[in-house]
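Residues per chain are reported as follows:
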Amino acid sequence: MSTRILIIAHAPLATALRECALHVFPDCTGEVIAIDVPPDEAPEDTFASAQHLLDVEPGQQILVLTDVIGATPSNVAQRLVQAHESSLIAGVNLPMLLRTVCYRHENLEDLTSRALEGGTQGVLQLSGTSSTTK
C-alpha cells in the first residue's frame, strides 16, 4: 500500500501542484489529494472539507505537504495529522512533490526524508552575478 499524499495550500497552489504531478505521474490520481484554501473560508470549514476528502483506510500512511508555516493551511494540516499515521512538511514545492510521488511506495519515514531532500535539492541559483556591491 502506498502512502497517501495530501497537499493543502492557499488557492490555487494545491490544485496546480497536483496537476503538475499528474502530468508526470498520471497513474497516481487516487493517491495525491489537493485542498485549496480560499482566502475567505473559515478554518473550521477547511478542516471539515479536508477530513471528508482524506477518507483513509485504517493503517494508511499520509504525507501532508503545506505551503507556509503558521498560515491557515498549515494550521488545518496540523490538526489533520493528529488523528492519522502521518508526517507534515511545510514549504512544498514541485521538486519536493515529484520526489514524493516517485517514491510513494516507501515507508513514511523514508518518504519524508526523500521529500525534504527533493525540496532542498530542487532550489538552485542557475544564473546571476556573484559580485557584491559596496
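Residues numbered from 1 in each chain as written. Predicted model: local features only at pLDDT ≥ 70, side-chain atom pairs only at ≥ 80, totals over all residues. Heavy atoms only, no water.

S.K.: Help me get a handle on the pattern of salt bridges, residues and values and all.
M.R.: Overall, the coordinates contain 5 salt bridges when judged by the stated rule. Arg 18 is the partner of Glu 19 in a salt bridge, and the nearest nitrogen-oxygen pair spans 3.8 Å. By relative accessible area, Arg 18 is classed as buried at 19%. Where Arg 104 meets Asp 27, a salt bridge forms, and the shortest distance between an N and an O atom there is 3.0 Å. With a gap of 77 residues between them, Arg 104 in the loop between α4 (94-102) and α5 (108-121) and Asp 27 in the loop between α1 (13-24) and β2 (32-37) connect regions that are remote in the sequence. Its relative accessible area of 5% is what places Arg 104 among the buried residues. In this structure Asp 27 comes out as exposed when scored by relative accessible area, which is 56%. Several salt bridges share partner residues, and in doing so they unite Asp 27, Glu 31 and Arg 104 into one network. (Salt bridge = Lys/Arg side-chain N within 4 Å of Asp/Glu carboxyl O. Buried < 20%, exposed > 50% of the residue type's maximum accessible area, 1.4 Å probe, protein only. Helix = DSSP H or I, 4+ residues; strand = E, 2+ residues; numbered from the N terminus.)

S.K.: Mind laying out the packing of α4 against α5, listing which residues take part and the relevant values?
M.R.: Contact geometry of α4 with α5 gives a least axis separation of 7 Å together with a crossing angle of 145°. Helix-helix and strand crossings are classified by hand; for α4 and α5 the assignment is right-handed. Within the contact between the two elements, α4 uses Pro 95, Met 96, Arg 99 and Thr 100 and α5 uses Leu 111, Arg 114, Ala 115, Glu 117, Gly 118, Gly 119 and Gln 121. Of the residues assigned to the contact of α4 with α5, the class counts are 4 nonpolar, 4 polar and 3 charged. (Axes fitted to C-alpha atoms, helices over the stretch in contact; angles between N-to-C directions. Left-handed = near helix turned anticlockwise from the far one by under 90°. Contact = heavy atoms within 4.5 Å. Nonpolar A, V, L, I, M, F, W, Y, C, P; charged D, E, K, R; others polar.)

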